[in-house]
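# Observations on the three-dimensional arrangement
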Amino acid sequence: MNPLTEQEIRAAFVNCTKGEAKRLSVPRDLAERPWDDLDFLGWRDPQAPDRAYLATELDGRLVALALRCPSATSWQTLRSMCSLCMTTHTGGVSLMVAAKAGKAGQQGNSVGAYICSDLACPLYVRGKKDAGVGARLHESLTLEEKIQRTVANLAVFIAKIGLRGG
């Protein structure tokens, strides 16, 4: 993924207003991110634990999403699998919910997916971050195929959200 600026990220949100995008928390360490190992940039809001965001390039266009995630509950101590990268975690997967873009989102419609709570899917897939024993199931896929699957799963999730004005 190409390095992103704060301004590029804020302009790319498809499921919140321009005012909300202007006020949300963007990581301050963008220059230090491992861009070559990222298929998307994901982060949690340090001031609002129930909010998360992600930005990715999709069909040559930067797309960013505002996500909601529930606070930790007892069920999160169970082993769960991320629907994007297929990494299993004990307590490290959250239901992330995104308002749909446009009128559908304004009417309260949303879509959800179980995603790594720290949004570090690209690093788990590449083995740059460890989710613990048994986190990566043995597969015959190559690393490139696992990366392509993660990107495809994210594209399906984004397609369910729609684009601004839709």
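Residues numbered from 1 in each chain as written. Predicted model: local features only at pLDDT ≥ 70, side-chain atom pairs only at ≥ 80, totals over all residues. Heavy atoms only, no water.

## Considerations on the state of the cysteines
Scanning all chains against the criterion turns up zero disulfides. Here C69 is not cross-linked by a disulfide; its sulfur's nearest cysteine counterpart is in C116, at 13 Å. Not part of a disulfide, C116 finds its nearest cysteine sulfur in C85, a span of 3.6 Å. (Disulfide = S-S within 2.5 Å.)

## A word on the pattern of salt bridges
If charged atoms from side chains of opposite charge come close, those side chains can pair. A complete count under the given rule lists eight salt bridges for this structure. Between E6 and R28 there is a salt bridge, with the nearest N and O atoms lying 3.4 Å from each other. Taken together, the positions of E6 in helix 1 (residues 6-11) and R28 in the loop between helix 2 (18-23) and strand 1 (41-45) put the pair 22 residues apart, joining distant regions of the chain. Overlapping salt bridges bring together E6, R10 and R28 as one network. (Salt bridge = Lys/Arg side-chain N within 4 Å of Asp/Glu carboxyl O. Helix = DSSP H or I, 4+ residues; strand = E, 2+ residues; numbered from the N terminus.)

## Looking at helix 5 (residues 143-161)
Look at helix 5: 28 Å from first C-alpha to last across 19 residues, which is about the 27 Å you get at 1.5 Å a residue. Of all the residues in helix 5, the buried ones are K146, I147, R149, T150, L154, F157, I158 and I161. Looking at the buried residues of helix 5, the elements they touch are strand 2 (48-58), strand 3 (61-68), strand 6 (93-99), strand 7 (110-116) and helix 4 (121-125). Looking one or two places after helix 5, you find G162, whose phi comes out positive at around 85°. (Expected span 1.5 Å × (residues − 1). Buried < 20%, exposed > 50% of the residue type's maximum accessible area, 1.4 Å probe, protein only. Contact = heavy atoms within 4.5 Å.)

## Description of unusual backbone geometry
Despite not being glycine, D59 shows a phi value in the positive range, around 55°. Within the secondary structure, D59 sits in the loop between strand 2 and strand 3. Phi is positive for L119, close to 55°, though the residue is something other than glycine. Its location among the elements puts L119 in the loop between strand 7 and helix 4.

## Quick look at the nonpolar core
The biggest cluster of nonpolar side chains holds 48 residues, and the ones touching the most others in it are F13, L65, L67, I115 and F157. Contributing elements (two or more residues each) for this core: strand 1, strand 2, strand 3, strand 6, strand 7, helix 4 and helix 5. Once residues within four sequence positions are removed from consideration, L65 is found in contact with F13, V14, N15, A52, Y53, L54, F157, I158 and I161. (Core = buried A, V, L, I, M, F, W, Y, C linked by side-chain atoms within 4.5 Å.)

## A few points about the packing of aromatic side chains
Counted under the stated rule, the structure contains two aromatic pairs. Plain terms: the ring middles of F13 and Y53 are 5.9 Å apart, the flat faces sit at 90° to each other, and that makes the pair edge-to-face. Residue F13 is found in the loop between helix 1 and helix 2, and its partner Y53 is found in strand 2; the two are separated by 40 residues along the sequence. Of the two residues examined, F13 and Y53, each falls in the buried class. (Phe/Tyr/Trp six-rings, centres within 6.5 Å; stacked < 30°, edge-to-face > 60°.)

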